[in-house]
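Examination of the molecular architecture
Listed here are the chains, written in short residue letters.
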Amino acid sequence: MKSKIGIIYATVDGQTLKICNTLVAVLKENKQDVTLFSIDDFNEDIASFNKLIIGSSIRYGLHHKKIIEFINTNKIKLDAIKTAFFSVNLVARKPEKNTPTTNPYVVKFFKTINWKPTIIEVFAGKLDYKKYPFFDRIMIQFIMWMTKGPTNTNTEIEYTNWKKVTEFGEKITRF
């Protein structure tokens, strides 16, 4: 059955958008009607979608503020359709923290929000020190030092597991 699917995202450095673009490609390959929206541009009626996917990056331990506001404002409408949520964060680079039940940011997020999507996923993001403004670079470097990650400011590592992203897209076509 062909569904009308909306994907809403918030990104800081662009990796969440890159993941969304891969999801769009997977869904279109599976003959799904899908439209991608930045949280800043979404002004559609949620009820016009059969499925809505929401993706958010993490910065300093928090999901994007506009995503949280959107979910809180539209909880009743979201509960009336099939939904998916995915989080993009660097902590998910660690195998023991790359699932919705083991990722501390995702666990904390769902303890503080009154919404239960149909499916939840978490993806590791990208570390690119050269791309960050000075303050962010210093803070992320400190966080990586604390979590035993790379701290060299020339580091650029894409941790995203693209096979996992593709599998998530295929799962969306089936739920």
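Residues numbered from 1 in each chain as written. Predicted model: local features only at pLDDT ≥ 70, side-chain atom pairs only at ≥ 80, totals over all residues. Heavy atoms only, no water.

Some words on the overall build of the chain
The helix and strand inventory of the chain stands at five helices and eight strands. Against the compact-globule benchmark of 16 Å for 175 residues, the chain has a radius of gyration of 16 Å, which places it among compact chains. Once the C-alpha set of the chain is aligned to its principal axes, its extents read approximately 50 × 30 × 30 Å. Expressed as a percentage of its 175 residues, the buried residues of the chain come to 46%. Contacts in the chain between residues far apart in sequence, at least 24 positions, make up 75% of those at least 6 positions apart. Summed over its atoms, the accessible surface of the chain is roughly 9100 Å², and 54% of this surface lies on carbon and sulfur atoms. Treating the 27 positive side-chain charges of the chain as one cloud and the 17 negative ones as another, the clouds have centres 5 Å apart. (Helix = DSSP H or I, 4+ residues; strand = E, 2+ residues; numbered from the N terminus. Rg over C-alpha atoms; globule rule 2.2 N^0.38 Å. Buried < 20%, exposed > 50% of the residue type's maximum accessible area, 1.4 Å probe, protein only. Contact = heavy atoms within 4.5 Å. Areas by Shrake-Rupley, 256 points an atom, 1.4 Å probe, with all protein chains shown as cover. Lys, Arg positive; Asp, Glu negative; His and termini not counted. Charge placed at Lys NZ, Arg CZ, Asp CG, Glu CD.)

Some remarks on the pairing of strand β6 (residues 119–124)
Regular strands place their side chains on alternate faces of the sheet. Within β6, five of the six residues are buried, which leaves it mostly tucked inside the rest of the structure. Here strand β5 (residues 82–89) runs beside β6; their pairing, made up of six bridges, is parallel. Directly across from Phe86, in β6, lies its bridge partner Glu121. Note that the unit made of β5, helix α3 (residues 104–112) and β6 has a crossover that is right-handed. (Pairing = 2+ DSSP bridges. Right-handed = clockwise from strand over helix to strand, strands pointing away.)

Notes on a nonpolar patch on the surface
On the surface, Tyr60, Phe134, Phe135 and Ile138 cluster together into a nonpolar patch covering about 440 Å² of accessible area. Mapped onto the secondary structure, Phe134 falls in helix α4 (residues 134–146). Judged by relative accessible area, Phe134 falls into the exposed class, the value being 59%. (Patch = residues over 30% accessible without salt bridge, like charges linked within 9 Å, V, L, I, M, F, W, Y side chains within 5 Å. Salt bridge = Lys/Arg side-chain N within 4 Å of Asp/Glu carboxyl O.)

With respect to the pairing of β5
Within β5, seven of the eight residues are buried, leaving the element largely enclosed by the surrounding structure. As judged from the seven bridges shared by strand β3 (residues 51–59) and β5, these two strands associate in the parallel manner. Across the sheet, the residue bridging to Ile54 is Phe85, located in β5.

Things to note about the environment of Phe123
The residue Phe123 is located in strand β6 in this model. Given a relative accessible area of 1%, Phe123 falls into the buried group. C-alpha of Phe123 to C-alpha of Gln32: the two residues are 91 residues apart in sequence and 22 Å apart in space. In this view, Phe123 contacts Ile19, Phe86, Ser87, Val88, Asn89, Ala92, Lys164, Val165 and Phe168; residues no more than four positions away in its chain are not counted.

Comments concerning the nonpolar core
Formed by 23 residues in total, the largest nonpolar core has its most connected members in Ile8, Leu52, Ile54, Ile67, Phe70, Ile71 and Leu78. Counting residues per element, the ones that place at least two in this core are β1 (4–10), β3, α2 (65–79), α3 and β6. Per-element tally for this core: the top contributor is α2, with four residues. Look past the residues within four positions of Phe70 in its chain and what remains in contact with it is Ile8, Ile39, Phe42, Ile46, Leu52, Ile54 and Leu78. (Core = buried A, V, L, I, M, F, W, Y, C linked by side-chain atoms within 4.5 Å.)

Focus on unusual backbone geometry
Although it is not a glycine, Lys31 adopts a positive phi angle of roughly 60 degrees. Checked against the element boundaries, Lys31 lands in the loop between α1 (15–29) and β2 (33–38).

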